[in-house]
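# Architecture at a glance
What follows is each chain in one-letter form.
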Amino acid sequence: MTQIFNFSAGPAVLPKEVLAQARDEMMDWHGSGMSVMEMSHRGKEFMGIAAGAEADLRELLAIPQNYKVLFLQGGAHSQFSMVPMNLLRGNKSADYLDTGIWAKKAIDEASRYCQVNIAGSSKDKNYTYAPSQDALKLNQDAAYFHFTSNETIGGVEMFWTPVTGDVPVVCDMSSHILSRPIDVKQYGIIYAGAQKNIGPAGLTIVIVRDDLIGETIAGTPTMFDYKVHADHESMYNTPATYGIYIAGLVFKWLKSKGGLPAMEKINIEKSTLLYDYLDASDFYHSPIAVENRSRMNIPFTLKEASLDEAFLKQAQQNGLLQLKGHKLVGGMRASIYNAMPIEGVQALIAFMKSFAQANA
Ligand SMILES: *Cc1c(COP(=O)(O)O)cnc(C)c1O
């Protein structure tokens, strides 16, 4: 197999060690004679796998006891509606930070259930930065405050948590969860689709504070009620069993690498390499404000958009895959999640240098 590096935004690269272990355990998990895919979700083997995954996630993120960890399905998209359905509780409005394409999707969905106050927006500069705390227009009657801590498409990351008084903070962390330590108690709800920085598509992780569970708006489907999932330990319906198993292996891999402080260090190192190169080059350009540059998703443009196609083709020939930017923003995007080794970033920069030279 030729060496490739996969820069996809998601579903995305997974640690080679995890894939190798999953391969070794594919036909016979720990002498059970079965693949994890074939196990009953209520059997003792799988219950053990799920409990282990939850315990390791709790340890990695230091999740306090008064938070539930839910392993759900339906992606971050379902959370866009599940959040208002569970948190409005008679309130008529919610505050949202408008930082880009994913924030906008959350706003549009919430608008079906309540009045959305835009508590801050970076639309004025085409979503190339995130508003600061000083710029927030908070509404103390809001049921909750929602923000997207890493805009996967725009490449804008917030390295701080908004302070909102008594209003619970809800965060879509889909594309940077587990990339650095966070202080869970600053949040009411954290949610993330697994397919960016955790595991396979099909699993959605929700970390929710106890007191925010249990009251839904009229007509909420059973499957959209956090309480139903919390009361059934995420086994009300058949959970995404294989996804939970792989996520559990990723959690163990993260622990073996030194946990989230170690991940943060390497993620700073990897992203700094690429940003430093972009800034030094007059052939490539990063449009994102320095203080909001994502460590996970790094969009950049070439001097001439007419060179994009050649860049992508030659990158692919060099084993550098899925660098095309999102169709809504164009250009390139390198997603360098936890599982992307530094060698991948070095190979990308080496290729970018030679491409720039050849096309100067
Ligand atoms: C990918 C992504 C989503 C959508 O996730 P789905 O699992 O496809 O629903 C939402 N928010 C962010 C920040 C994302 O990166």
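Keep in mind the model is a prediction, meaning the values are calculated, not measured.

### A few points about the overall build of the chain
- In terms of regular secondary structure, the chain is built from nine helices and 14 strands.
- Judged by the C-alpha coordinates and their principal axes, the chain covers about 60 × 55 × 30 Å.
- Relative to its full complement of 360 residues, the chain shows a buried share of 56%.
- Partitioning the contacts of the chain with sequence separation of at least 6, the portion at a separation of at least 24 is 68%.
- If you sum the accessible surface of the chain, you get close to 15,800 Å²; carbon and sulfur atoms cover 53% of it.
- In the chain, the 32 positive side-chain charges and the 37 negative ones have mean positions that sit 2 Å from each other.

### Brief notes about the packing of aromatic side chains
- A full pass over the atoms with the stated rule returns 14 aromatic pairs.
- Their ring planes at 55° and their centres at 5.9 Å tell us that Tyr277 and Tyr284 sit as a pair that is tilted. The exposure classification of Tyr277 matches that of Tyr284, with both residues buried.
- Measuring from ring centre to ring centre gives 4.9 Å for Phe283 and Tyr284, while their planes differ by 70°; the resulting arrangement is edge-to-face.
- You can call Phe283 buried: its relative accessible area is 4%.

### A few points about the domain arrangement of the chain
- Domain parsing of the chain yields domain 1 (17-256) and domain 2 (258-358).
- Inter-centroid distance (C-alpha atoms) of domain 1 to domain 2 is 27 Å.
- Contact residues are listed per partner, giving 27 residues for domain 1 and 25 residues for domain 2.
- Summed over both sides, the interface of domain 1 with domain 2 buries roughly 2,100 Å², with 58% coming from carbon and sulfur.
- It is Thr128, Ile153 and Phe159 in domain 1 that bury the most area against domain 2; as a group they hold 22% of the surface buried on that side.
- Linking domain 1 to domain 2 there are zero salt bridges.
- At the boundary of domain 1 and domain 2, one finds 17 residue pairs in polar contact (both at pLDDT 80 or more).

### Quick notes on the nonpolar core
- With 56 residues, the main nonpolar core has Leu61, Leu178, Ile207 and Phe251 as its most contacted residues.
- Beyond its immediate stretch of four places on either side in the chain, Leu178 contacts Leu57, Leu60, Leu61, Asn197, Ile198, Phe251, Leu254, Leu260, Met263 and Asn338.
- If you look at the next biggest cluster of nonpolar residues, it comprises 29 residues, including Tyr275, Leu323, Ile349 and Phe355.

### Re the pairing of strand E8 (residues 169-172)
- Side chains of E8 alternate between two faces, with Val169 and Cys171 and Val170 and Asp172 buried alike.
- Bridging between strand E5 (residues 145-148) and E8 involves four bridges; their strand directions are parallel. Following the sheet pairing, Phe145 is matched in E8 by Val169.
- The pairing of E8 with strand E9 (residues 189-193) spans three bridges and is parallel. Bridge pairing links Cys171 to Ile190 in E9.

### Looking at the site of the ligand
- In the vicinity of the ligand lie 13 residues, with His77, Thr152, Asp172, Gln195 and Lys196 positioned nearest.
- Contact between the ligand and Gln195: an oxygen atom at 2.8 Å from a side-chain N or O atom of the residue.
- Lys196 is positioned such that a nitrogen or oxygen atom in its side chain is 2.6 Å from an oxygen atom of the ligand.
- Here the ligand has 390 Å² of accessible area as a free molecule, and 88% of this is covered by the chains.
- In the shell around the ligand, the residues fall into three nonpolar, eight polar and two charged.

### Concerning the side chain of Asp225
- Along the polypeptide, Asp225 turns up in the loop between strand E10 (204-209) and helix H5 (226-231).
- In this structure Asp225 is buried but unpaired, with Lys227 as the nearest side chain of opposite charge at 7.3 Å.
- Among the polar contacts listed, one links the side chain of Asp225 to the backbone nitrogen of Lys227, at a separation of 2.9 Å.
- If near-sequence neighbours (up to four positions away) are discounted, Asp225 is found in contact with Met82, Asn86, Thr216 and Thr220.

### Digging into the sheet that holds strand E14 (residues 332-335)
- The three strands are arranged E11-E12-E14 in an open sheet whose pairing can be described as antiparallel. This sheet does not close on itself; its edge strands, each paired only once, are strand E11 (284-285) and E14.
- Sheet topology note: the strand E12 (residues 297-302)/E14 ladder contains four bridges and is antiparallel. Across the sheet, residue Asn297 finds its bridge partner in E14, namely Ser335.

### Here's the deal with the sheet that holds E5
- One open sheet holds the seven strands; their spatial order is E2-E10-E9-E8-E5-E3-E4, and the pairing between them is mixed. For this open sheet the edge positions go to strand E2 (67-72) and strand E4 (115-121), each flanked by a neighbour on one side alone. Strand-to-strand twist across the sheet, computed as the mean angle between neighbouring axes with direction ignored, equals 20°.
- Two elements, E2 and E10, share six bridges in a ladder whose sense is antiparallel. By the bridge assignment, Phe71 is partnered in E10 with Ile205.
- Docked against the sheet, helix H2 (residues 44-61) engages E2 and E10, running at close to 130° with respect to E2.
- Against the sheet, helix H4 (residues 101-110) touches strand E3 (93-98), E4 and E5, its axis set at about 160° to E3.

Here is what the cut-offs are and how they apply
Residues numbered from 1 in each chain as written. Predicted model: local features only at pLDDT ≥ 70, side-chain atom pairs only at ≥ 80, totals over all residues. Heavy atoms only, no water. Helix = DSSP H or I, 4+ residues; strand = E, 2+ residues; numbered from the N terminus. Buried < 20%, exposed > 50% of the residue type's maximum accessible area, 1.4 Å probe, protein only. Contact = heavy atoms within 4.5 Å. Areas by Shrake-Rupley, 256 points an atom, 1.4 Å probe, with all protein chains shown as cover. Lys, Arg positive; Asp, Glu negative; His and termini not counted. Charge placed at Lys NZ, Arg CZ, Asp CG, Glu CD. Phe/Tyr/Trp six-rings, centres within 6.5 Å; stacked < 30°, edge-to-face > 60°. Domains from an automatic or database assignment. Buried area = accessible area lost by both parts, 1.4 Å probe. Salt bridge = Lys/Arg side-chain N within 4 Å of Asp/Glu carboxyl O. Polar contact = N/O pair within 3.5 Å; in protein donor to acceptor, adjacent residues only side chain to side chain. Core = buried A, V, L, I, M, F, W, Y, C linked by side-chain atoms within 4.5 Å. Pairing = 2+ DSSP bridges. Near = heavy atom within 4 Å. Nonpolar A, V, L, I, M, F, W, Y, C, P; charged D, E, K, R; others polar. Axes fitted to C-alpha atoms, helices over the stretch in contact; angles between N-to-C directions.

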